[in-house]
Amino acid sequence: MDPAGRPDPLAFIGDELAAMRENHLYRPLRVMSSAQGPVAVMDGREVISLSSNDYLGLSHHPRMKRAAIEAVERYGAGAGAVRTIAGTMTLHEALEAELAAFKHTEAVLTFQSGFTANTGVIPTITGEADLIVSDELNHASIIDGMRLSKAPRKVFKHADPESLRAVLAEAVTAGRDGHGQPYRLILVVTDGVFSMDGDIAPLPAIVEAAEAYGAAVMVDDAHASGVLGKDGRGSVSHFGLEGRVAIQVGTLSKAVGVLGGYVAGSQNLRDILVQRARPFLFSTSHPPAVAAACSEAIKIMVDEPWLIERLWANTRRFKTELTRLGFNTGHSETPITPVMLGNSETTIRFSSRLFEEGVFGTSVIFPTVALDRARIRTIVTAAHTDDQLDQALAAFDRVGRELGVIAG
Ligand code: PMP
């Protein structure tokens, strides 16, 4: 009730929150009062962080900070307009040229985030005459991009090229009208690395299936950028599929260490996105510091290959040790290692006990993953030292025994 005695029309929100708390599905935010890094201060406590996407440790790399500061000094704090009005700076265009050269594609267009790259590109290039075929575990931003498109969509079984082939065969036979009228475009969309499980999409078989049915492939390399392929060029480079994937979406917010997303592909693709992609047209462009630091990151990835080597060495060690301790780490092939715990109550409890032991490992629960697939999702980075990883593993061991997740 408000002071005039009227009922609160938003009262249902309180009920929903109470139900979430009751069902152990409410997650308070942890607040960081230090820079991002392998050790961070969260909720006032110094912890070893296993939860950032800062794969290469670039978010606090000295060259990145310098590039950002110089851009602020020269160009100011904000871009001041959307790209299509007065917000396109030389820094944005330079970053796009560098990314296109890095990705070996004709052109790149950057977006404010990986999320908006997906919600920008999918509805721009698909409509009623098209079909989108999506992996069932694709990222939320792909799902939202599909929701914003007028194109119908079909889903194939996770990372299953045979299921994809069956969907494509049926779609091509039936056509848009059920009588074989061809679609204008069939777009097959997949994550390159799946963010909750850490598995890599079987891209060669997906590309072959798509080619067999005249479909185009789009891969979202958010978690593959800076992680897979030569110098971190992504899953297309990892599998040697250059020229066979029409659209590569990448993020600048994870291994690149700053913020943003991009679409890499043909010049025509870039040109149509500039004219039509709604987040590009209706939301302000990156501040100068962001664009400059992203450019620097691409240079660092090429200049300092040992960062990616260290990332993978840490990944192998951490995964092997967790498995040796008796944890179920799913079927990850990348630095994302889920520690599968099942229900959300155990998972939240595990995460808070880890925190008390000085280790930050986020719990991932419904609706991000299925109700019975709750987990602690860990990501090691190039910046973690052996000693930090040993300490983290010892904490997992202690908490795992205490909660009966591993044999004690
Ligand atoms: N795609 C995938 C597969 C992701 O995992 C993420 C980030 N969780 C995004 C897109 C969004 O990227 P950003 O954080 O740059 O918006």
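Residues numbered from 1 in each chain as written. Predicted model: local features only at pLDDT ≥ 70, side-chain atom pairs only at ≥ 80, totals over all residues. Heavy atoms only, no water.

K.L.:
Got a minute to help me understand the environment of Leu 259 in this structure?
P.N.:
Position of Leu 259 among the secondary structure elements: in the loop between strand S8 (247–251) and strand S9 (261–265). Leu 259 sits 148 residues away from Phe 111 along the chain, and the two C-alpha atoms are 9.4 Å apart. (Helix = DSSP H or I, 4+ residues; strand = E, 2+ residues; numbered from the N terminus.)

K.L.:
Just checking my understanding: could you explain the sheet that holds strand S12 (residues 362–364) for this structure?
P.N.:
Consider a sheet: its strands pair through backbone hydrogen bonds, and that pairing is either parallel or antiparallel. Judged by pairing direction, the sheet is antiparallel, and its three strands sit side by side in the order S10-S13-S12 without closing on themselves. Each edge of the sheet is formed by a strand with only one pairing partner; in this case those strands are strand S10 (336–342) and S12. This sheet shows a mean twist of 30° between the axes of neighbouring strands, independent of strand direction. Where S10 meets strand S13 (residues 374–379), six bridges bridge the pair, whose relative direction is antiparallel. Counted as the bridge partner of Ile 336 is Ile 379 from S13. Packed onto the sheet, helix H13 (residues 344–356) meets S10, S12 and S13 and runs at close to 35° relative to S13. (Pairing = 2+ DSSP bridges. Axes fitted to C-alpha atoms, helices over the stretch in contact; angles between N-to-C directions. Contact = heavy atoms within 4.5 Å.)

K.L.:
Before we go on, may I ask you to explain helix H9 (residues 267–276) in this structure?
P.N.:
In an α-helix, one full turn covers 3.6 residues, which means residues spaced three or four apart are oriented alike. Those residues of H9 not exposed but buried are Leu 269, Arg 270, Leu 273 and Val 274. Here the buried residues of H9 occupy an arc of 135° about the axis, which is enough to place them on one side. In H9, the exposed positions angled more than 90 degrees off the buried face are occupied by Asn 268, Gln 275 and Arg 276. (Buried < 20%, exposed > 50% of the residue type's maximum accessible area, 1.4 Å probe, protein only. Arc of directions from axis to C-beta.)

K.L.:
Just checking my understanding: could you explain the pattern of salt bridges for this structure?
P.N.:
Where charged atoms from two side chains of opposite charge come close, those side chains can pair. In total, this model carries 25 salt bridges according to the counting rule given. For Arg 63, the salt bridge is made with Glu 296, and the minimal N-O distance between the two is 2.8 Å. Placement of Arg 63 in helix H2 (residues 62–75) and of Glu 296 in helix H11 (residues 288–303) is noted, with a sequence separation of 233 residues between them. For the pair Arg 63 and Glu 296, a shared accessibility class is recorded, and that class is buried. Several salt bridges share partner residues, and in doing so they unite Arg 353, Glu 356, Glu 357, Arg 398 and Glu 402 into one network. (Salt bridge = Lys/Arg side-chain N within 4 Å of Asp/Glu carboxyl O.)

K.L.:
Just to check I follow, could you spell out the packing of aromatic side chains for this structure?
P.N.:
In this description, an aromatic ring pair is defined by two values, namely the gap between the centres and the angle between the planes. Scanning the entire structure with this criterion turns up six aromatic pairs. Note on Phe 318 and Phe 396: the rings are 6.4 Å apart at their centroids and 80° apart in plane angle, and the pair reads as edge-to-face. Highlighted residues: Phe 318 in helix H12 (residues 306–325) and Phe 396 in helix H14 (residues 386–402), separated in sequence by 78 residues. The burial state of Phe 318 is the same as that of Phe 396; both residues are buried. With a centroid separation of 6.2 Å and 85° between ring planes, the pair formed by Phe 355 and Phe 360 is classed as edge-to-face. (Phe/Tyr/Trp six-rings, centres within 6.5 Å; stacked < 30°, edge-to-face > 60°.)

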